[in-house]
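Summary of structural features
One-letter residues, chain by chain:
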Amino acid sequence: VPVRGYFVWSLLDAAEWEHGFGTRFGLVRVEPGTLARQPKASAVFYTRAVKAGGFNASDGECNATTQAAPRFRAEGAQLQAVVNASRGGTPSLEVSRTMLLRTVRLAALAGQQARYEAEQGDFAAARQWDSKVARLVSGAQVQTR
């Protein structure tokens, strides 16, 4: 669906009459006690979408309210099993393709978990997940050579 514009509801988290600071929907998290401000994952997503002139992501990839760490661990174990099975020789084209697809999938899941952590305000964890994204993307690039 072509989208010609997108408007953000609120730049900053704000106190709502009915819910106080319990409902947070701004692009920037505001801590009520200190008024400290920290951009959320949604701000990063919005920035990237504006710079790129759009985006191509599934609902799940945009959703910062769902943890992806359990799926990441499960799918990481599956990838490790494929790698272990292929040790001792050159993997077939099919196995190489499977490893590449699983690596790309893990990068997407790590990115989703990074957005989740940022949304929760745990920016150290978000940076760790972003670092995993970078390593996985680098690994995928090596696999395509």
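Remember, predicted model here, so these are calculated numbers, not experimental data.

Moving on, we come to the packing of helix H3 (residues 69-85) against helix H4 (residues 93-120). Closest axis-to-axis distance for the H3/H4 pair is 9 Å, and the angle between their directions is 160 degrees. By the angle between their directions, the pair H3 and H4 is classed as roughly antiparallel. Of the two possible hands of crossing, H3 and H4 adopt the one that is left-handed. Each of Ala69, Arg71, Phe72, Glu75, Gly76, Gln78, Leu79, Val82 and Val83 in H3 lies in contact with H4, whose residues at this interface are Val95, Thr98, Met99, Arg102, Thr103, Arg105, Leu106, Leu109, Ala110, Gln112 and Gln113. Partitioned by chemical class, the residues of the contact of H3 with H4 number ten nonpolar, six polar and four charged.

What follows deals with helix H1 (residues 41-52). With twelve residues, H1 should cover 16 Å at 1.5 Å per step; its first-to-last C-alpha distance of 16 Å lies within 8% of that length. Within the span of H1, buried status applies to Ala41, Ala43 and Ala49. Where H1 ends, the next residue or the one after it, Gly53, has phi of about 75 degrees, a positive value.

The next subject is unusual backbone geometry. Of note in this structure, Leu35 is not a glycine but carries a positive phi near 65 degrees. Turning to its location among the elements, Leu35 is positioned in the loop between strand E1 (28-30) and strand E2 (37-39).

As a further point, take the packing of aromatic side chains. For the structure shown, the criterion picks out one aromatic pair. Measuring from centroid to centroid gives 5.0 Å for Phe72 and Trp129, while their planes differ by 85 degrees, and the two rings are edge-to-face. Of this pair, Phe72 sits in helix H3 while Trp129 is found in helix H5 (residues 123-143), placing the two residues 57 residues apart along the sequence. Among the residues examined, Phe72 registers a relative accessible area of 14% and is labelled buried. Over the face of the ring belonging to Trp129 we find Lys132, whose NZ or CZ atom lies 4.2 Å from the ring centre.

Basis of the calculations
- Residues numbered from 1 in each chain as written.
- Predicted model: local features only at pLDDT ≥ 70, side-chain atom pairs only at ≥ 80, totals over all residues.
- Heavy atoms only, no water.
- Axes fitted to C-alpha atoms, helices over the stretch in contact; angles between N-to-C directions.
- Helix = DSSP H or I, 4+ residues; strand = E, 2+ residues; numbered from the N terminus.
- Parallel < 35°, antiparallel > 145°, perpendicular 65-115°, else oblique.
- Left-handed = near helix turned anticlockwise from the far one by under 90°.
- Contact = heavy atoms within 4.5 Å.
- Nonpolar A, V, L, I, M, F, W, Y, C, P; charged D, E, K, R; others polar.
- Expected span 1.5 Å × (residues − 1).
- Buried < 20%, exposed > 50% of the residue type's maximum accessible area, 1.4 Å probe, protein only.
- Phe/Tyr/Trp six-rings, centres within 6.5 Å; stacked < 30°, edge-to-face > 60°.
- Lys NZ or Arg CZ within 6 Å of the ring centre and 35° of its normal.

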